[in-house]
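Residue-level structural notes
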Amino acid sequence: MLGTKDTSPWNLIELSSLSAVEIKDLLDRAAQFRKGLAAESANSREMGGPRPRVALLFSEPSTRTSLSFRVACQELGVDVVELPADRSSLLKGESMLDTAQVLEALGAGAIVVRDKSDEVIDGLAEHCRAGVLNAGGGTKAHPSQGLLDARVLLDHFENLEGRRIGILGDVVHSRVARSDAVAFTALGAEVVLIGPPEFLSETGWPKGVSVSTDLDAELPRLDAIQVLRIQHERIEGGMGLPLSDYISEYQLDEKRLESVNSEFCVLHPGPMNRGVEISSGVADGPRSQILDQVSAGVYVRMALVEKSLGLKGLK
Ligand code: CP
């Protein structure tokens, strides 16, 4: 009959509801599992080691980075444990380091971390036995993004020697811009940071990086552009210029693309704010490599996980 169950479920709400025999049975069963797991672990070590595991520890939102690390692990045959910070004991005051050590104790050989603080990620790298892979920290670095953007540009141009790559928008708050600049210049490209003065910074960049406030003057001289969103969550006291002015001076739209060369391509690390830094026509247009960036993220992150876990030859 609808609404009835054949057997009653077994619940455990309080230990006082169990008899001593029931408690002992449960503890014996746990010991059996421990023995089985230990034997399995010994067997797997003989066959080349225990099943590798990666932990994802993100205390800022993510779609692309977290999912592509997850897919990368699946492709490599690596287990994933994921701890969304907004549902973790971080909310009860546990530190990121204590949290990371819990993940290590659960078998994580590498921890993929995103945090608003560069120092937190540096601290984990210093103290964790597991490898730490920065999935975007503060405003300083998003190394896997820099690598995947470079991968996409290399797929498009074969070689970045002498290429001129623009990075457009809210550069000063962007960890992507910093990692892109390092990756692109390392491969021989020149990088031009483009945006209003409020969004630019002239110091701390590698050799080969210049700065411009004039998008329309730069576009015909560029081979590619990485468009960045305005990072309102990192801007204190407002962005310093009206949004309508920003859109009219710096939005990458179809009209502006009329001045670019035939090979020119458009990147955006996501998430996009369509109609602000980029028009839908450009985002979805023939020069867009934006979804290729997402796919490249999987392969780049497979390489990072493989290296961090020492998995060469796993598959
Ligand atoms: N590019 C990037 O880091 O995107 P997510 O914030 O969605 O991971």
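Everything numeric here is computed off the predicted structure, so don't read it as measured data.

Attention now moves to the domain arrangement of the chain. It is common to give the size of an interface as the accessible area that goes away when the parts come together. Considered domain by domain, the chain is made up of domain 1 (15-141 + 295-309) and domain 2 (143-293). Taking only C-alpha atoms, the centre of domain 1 and the centre of domain 2 are 33 Å apart. With 20 residues of domain 1 at the contact, the number on the domain 2 side is 19 residues. Across the domain 1 to domain 2 interface the summed buried area is about 1,400 Å²; carbon plus sulfur atoms make up 53%. At the surface where domain 1 touches domain 2, the tally comes to two salt bridges. Between the two partners, domain 1 and domain 2, sit nine residue pairs in polar contact (both at pLDDT 80 or more). Elements supplying a minimum of two residues to the side of domain 1 that touches domain 2: helix H2 (64-76), strand E3 (110-115), strand E4 (131-137) and helix H11 (290-309). If one sorts the elements of the side of domain 1 that touches domain 2 by residue count, H11 sits on top with six residues.

Another point: unusual backbone geometry. Residue proline 271 follows glycine 270 across a cis peptide bond; omega there is -10 degrees. Secondary-structure assignment places proline 271 in the loop between strand E9 (265-267) and helix H10 (280-283). Of note, the phi angle at glutamate 158 is positive, near 75 degrees, even though the residue is not glycine. Checked against the element boundaries, glutamate 158 lands in the loop between helix H5 (143-157) and strand E5 (164-168). When its relative accessible area of 72% is taken as the criterion, glutamate 158 is described as exposed.

This next bit is on the site of the ligand. Around the ligand sit Ser62, Thr63, Arg64, Thr65, Arg114, His142, Gln145, Pro269 and Gly270, and those are all the residues in its vicinity. The separation between an oxygen atom of the ligand and a polar side-chain atom of threonine 65 is 2.6 Å. Across the complex, the protein chains shield 93% of the 260 Å² of accessible surface that the ligand would expose by itself. The cavity where the ligand resides is the second largest pocket.

Further remarks concern the packing of aromatic side chains. All told, the structure shown has two aromatic pairs when counted by the stated rule. Taking 5.6 Å as the distance between ring centres and 65 degrees as the angle between the ring planes, the aromatic pair formed by phenylalanine 199 and tyrosine 246 counts as edge-to-face. Residue phenylalanine 199 is located in the loop between strand E6 (190-194) and strand E7 (209-212), and its partner tyrosine 246 is located in helix H8 (residues 243-250); the two are separated by 47 residues in the primary sequence. The exposure class of phenylalanine 199 is buried, given its relative accessible area of 1%. With a relative accessible area of 0%, tyrosine 246 lands in the buried category. Taken together, the aromatic side chains of Phe199, Tyr246 and Tyr250 make up a single cluster linked through ring pairs.

Right, let's talk about the side chain of aspartate 149 for a bit. Looking at where aspartate 149 falls in the secondary structure, it is placed in helix H5. Despite its burial, aspartate 149 pairs with no opposite charge; the closest candidate is arginine 301, at 8.0 Å N-O. A distance of 2.8 Å separates a polar atom in the side chain of aspartate 149 from a polar atom in the side chain of glutamine 226.

Calculation criteria
Residues numbered from 1 in each chain as written. Predicted model: local features only at pLDDT ≥ 70, side-chain atom pairs only at ≥ 80, totals over all residues. Heavy atoms only, no water. Domains from an automatic or database assignment. Contact = heavy atoms within 4.5 Å. Buried area = accessible area lost by both parts, 1.4 Å probe. Salt bridge = Lys/Arg side-chain N within 4 Å of Asp/Glu carboxyl O. Polar contact = N/O pair within 3.5 Å; in protein donor to acceptor, adjacent residues only side chain to side chain. Helix = DSSP H or I, 4+ residues; strand = E, 2+ residues; numbered from the N terminus. Buried < 20%, exposed > 50% of the residue type's maximum accessible area, 1.4 Å probe, protein only. Near = heavy atom within 4 Å. Areas by Shrake-Rupley, 256 points an atom, 1.4 Å probe, with all protein chains shown as cover. 1 Å grid on protein atoms, 1.4 Å probe; cavity = no way out; pocket = protein on both sides within 12 Å on 5 of 7 lines; lining within 4 Å. Sits in = over half its atoms within 2 Å of the grid points. Phe/Tyr/Trp six-rings, centres within 6.5 Å; stacked < 30°, edge-to-face > 60°. Lys, Arg positive; Asp, Glu negative; His and termini not counted.

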